[in-house]
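# Structural overview for review
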Amino acid sequence: MMFNLKNTLLVASLCPFLISSSWAKNGVESIYLNGKIYTAKDHTPLQQAIAVSDEGTILKVGNNADIRKLADADTKIVDLQQKVLMPGLIDTHIHALISGVESVMATMEEGEISVPAVVEKLKTTQKDGTAVYGDVLVLNGLSSEYWELEDQLSAVFNHNEWKNQPIALVGSDHHTAWANQAMLKKAGVDKKFVRQLAAEDQQNIRHNQKFEPTGFLVDSGWDVVSGKIPSVPHDLMYKGSKKAVQELNQLGITAWLDIASNASPLQGIFNIKNTENTIGVIPMYKELSEKGELTARVSGLHIINSKSTAQVLDTLEVINNQYKNIENFNLIGMKVFADGILEYPAQSAALIGQYSNSKKNGQLLFDPPVFKTLVDEADKRNMLVHIHAIGDRAVHESLNAIEYARAKRQSHVAHTITHLQLVDPKDYDRFKQNDVIASMQLAWAYEDGFNKTLVKPYISQASYQGMYPAGSLVKHGATLAGASDAPVSTPNPFIAMSIGMTRIAEDGDYLNKKEAIDRETAFKAYTVNAAQALGREKEIGTLEVGKKADMIVLDRDIFTVSPEQLAETKVVWTIFNGKKVYQQ
């Protein structure tokens, strides 16, 4: 779900004004004076001023006097009035366009977990059309807590007015869902279908002793059912995608890693079949770019089947060549699932130990020897590998694969492991040793009711306390990059920074304060470090000569406010390529 910000500051607080000069035009589009300019460069104090060229690059950063000398008669001069100006923020794990599309679709709001509330929402959105896709009703955004009410869902949506209406209720985690019997029938999921599946896929379609499916689906199970939902129409895709770019700009985000560019809304991605036609939202990025509406730098990844061999890279390169030379968008690699999620009842994250209730250790989705070969070949081709790893075993095996490639060559491709909910302490050092970026959703790093009820009872106390070990990874030399996984959680970087620094949020309790990070680490996670994760460190991430003038101006002094106040930071201006693309 995308988050709207309230316009709480007067635009007039930052009014640019022109000055007269007899100098000849020298290519200085604008200068910004009297600011607190954070460059994100190591060992660099705050600066006063910055100059931007008419080509949208940074000409100089320094003091007011030196920068003012660069202005000519056509230069726009902006008085920052001591406000903070910093690099545009970067998200290293987001489903950006899909977030926007889902925001204009039927979505369950956060709040009380209630089946009657689902019924009411479904009726309302069926009437207004936002839940209707052909003959299927789809409602997004359900908390995993709903899956404990499966009997109630079944009692309502498999009878009476809903009995013959295919319905899919999609989890907010995008790993789980529930479908009524009419939807299961439409997808061909019955006891015969379940019985013939391999054991690892059987467990992703909950069923009784007779192999009759109950409706609860995980990962590959959701793939089967979602494949029978009609596609989202183009006009809705465009509306939502445009909205996504605008709202991310509003949050100060000027670049991101779209980790599933070849995926489409409402379609499962865990058993994806990668062909030259598996292009998802890539054409939409092209359309936005051609219309001048892609006001962000986007590095896109292909999501690939976890069982893929190195041959899949040939297919990806065909698509990359077809969609090259798109302004502000390029395809740089692939995303792979190492495992699923930790929460009950799915418990599909791969653990070194066991879940206390099932005595199982989750599901590692790739075959380690095959995956090593795949990562090695991708590295050889300078293709970035971005790995979803929740459980400690998934993290360990992912590191093994990257280590295998690093032993053969030092390509310096920014391979990344994301989520990192559980990491074996023995693996902390291996991130730095193997030049692996830790892409973390810091907004998740606290104890909420969700973790208390769906995670804590089922893993060891040591594992629970060690969740999201950002502080330990940084202490062991890892490069930490900020990420949201929107629409799973808020894309607002300042909320994530605040939680990363405190390990608590308004709706929860502390989660191991020792894993907190400091302010500077939080800022770099969303700037210079994140630029590396996108393969764009030579053009963005810091404010220095020759780099793109992607910058934001903020409503408060983020260096002195409390972490709680940092979470409430609003963006006054977002500047992309030297031009203002958002103004509060």
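The text that follows walks through the structure, step by step, so that each part is easy to find. Source: prediction; values computed, not measured.

Right, let's get into the overall build of the chain. Along the chain, the regular secondary structure elements total 21 helices and 26 strands. On the principal axes, the C-alpha backbone points of the chain span a range of 85 × 55 × 50 Å. Contacts in the chain between residues at least 24 apart in sequence constitute 75% of all its contacts with a sequence separation of at least 6. Accessible surface, the chain: about 22800 Å² in total, of which carbon and sulfur atoms supply 49%. Considering the chain, the positive charge centre built from 59 side chains and the negative charge centre built from 68 side chains are found 1 Å apart.

Tallied over the full model, the rule gives 27 salt bridges. Between Asp376 and Arg409 there is a salt bridge, with the nearest N and O atoms lying 2.9 Å from each other. Remark: Arg409 occurs in the loop between helix H13 (392-408) and strand E19 (416-419) and Asp376 occurs in helix H12 (residues 368-380); sequence separation between them is 33 residues. Notably, a salt bridge pairs Lys452 with Asp509, separated by 2.7 Å at the nearest N-O pair. Taken together, the residues span a long stretch of sequence, with Lys452 in helix H15 (residues 449-454) and Asp509 in strand E23 (residues 508-509) at a distance of 57 residues. A single network of salt bridges, built from pairs that share partners, joins Asp314, Glu317, Glu377, Lys380 and Arg381.

Among the nonpolar cores identified, the biggest contains 127 residues, and Trp256, Leu342 and Phe431 are the most heavily contacted of them. Each residue touching Trp256, except ones within four places of it in the same chain, is listed here: Asp91, Ile94, Ala96, Val245, Leu248, Tyr285, Ala296, Arg297, Val298, Ser299 and Leu534. Membership of the second largest hydrophobic core comes to 24 residues, among which are Ile90, Leu384, Ala533 and Leu534.

What follows covers a negative patch on the surface. Residues Glu110, Glu506, Asp507, Glu564 and Glu568 make up a contiguous surface patch of negative charge. Considering the arrangement of structural elements, one finds Glu506 in the loop between helix H18 (493-502) and E23.

Turning our attention to the pairing of strand E25 (residues 571-576). Among the 6 residues that make up E25, 6 are buried, leaving the element largely enclosed by the rest of the structure. Pairing analysis gives 4 bridges linking strand E24 (residues 551-554) to E25, with the strands arranged antiparallel. Its bridge partner being in E25, Ile552 is matched across the sheet by Thr574. Bridge count for E25 against strand E26 (residues 579-583) is 4 bridges, and the pairing is antiparallel. Looking at the pairing, Ile575 lines up with Lys580 of E26.

Turning our eyes to something else, we now look at the side chain of Gln202. Within the element layout of this structure, Gln202 appears in helix H7 (residues 199-202). Classification of Gln202 by relative accessible area gives buried; the value is 16%. Among the polar contacts made by the side chain of Gln202, one reaches the main-chain carbonyl oxygen of Val194 at a distance of 3.1 Å. Engagement of the side chain of Gln202 in a polar contact is seen with the backbone oxygen of Leu197, the distance being 3.4 Å. With residues up to four places along the chain from it excluded, the contact list for Gln202 reads Val194, Arg195, Leu197, His207 and Phe211.

Thresholds applied
Residues numbered from 1 in each chain as written. Predicted model: local features only at pLDDT ≥ 70, side-chain atom pairs only at ≥ 80, totals over all residues. Heavy atoms only, no water. Helix = DSSP H or I, 4+ residues; strand = E, 2+ residues; numbered from the N terminus. Contact = heavy atoms within 4.5 Å. Areas by Shrake-Rupley, 256 points an atom, 1.4 Å probe, with all protein chains shown as cover. Lys, Arg positive; Asp, Glu negative; His and termini not counted. Charge placed at Lys NZ, Arg CZ, Asp CG, Glu CD. Salt bridge = Lys/Arg side-chain N within 4 Å of Asp/Glu carboxyl O. Core = buried A, V, L, I, M, F, W, Y, C linked by side-chain atoms within 4.5 Å. Buried < 20%, exposed > 50% of the residue type's maximum accessible area, 1.4 Å probe, protein only. Patch = residues over 30% accessible without salt bridge, like charges linked within 9 Å, V, L, I, M, F, W, Y side chains within 5 Å. Pairing = 2+ DSSP bridges. Polar contact = N/O pair within 3.5 Å; in protein donor to acceptor, adjacent residues only side chain to side chain.

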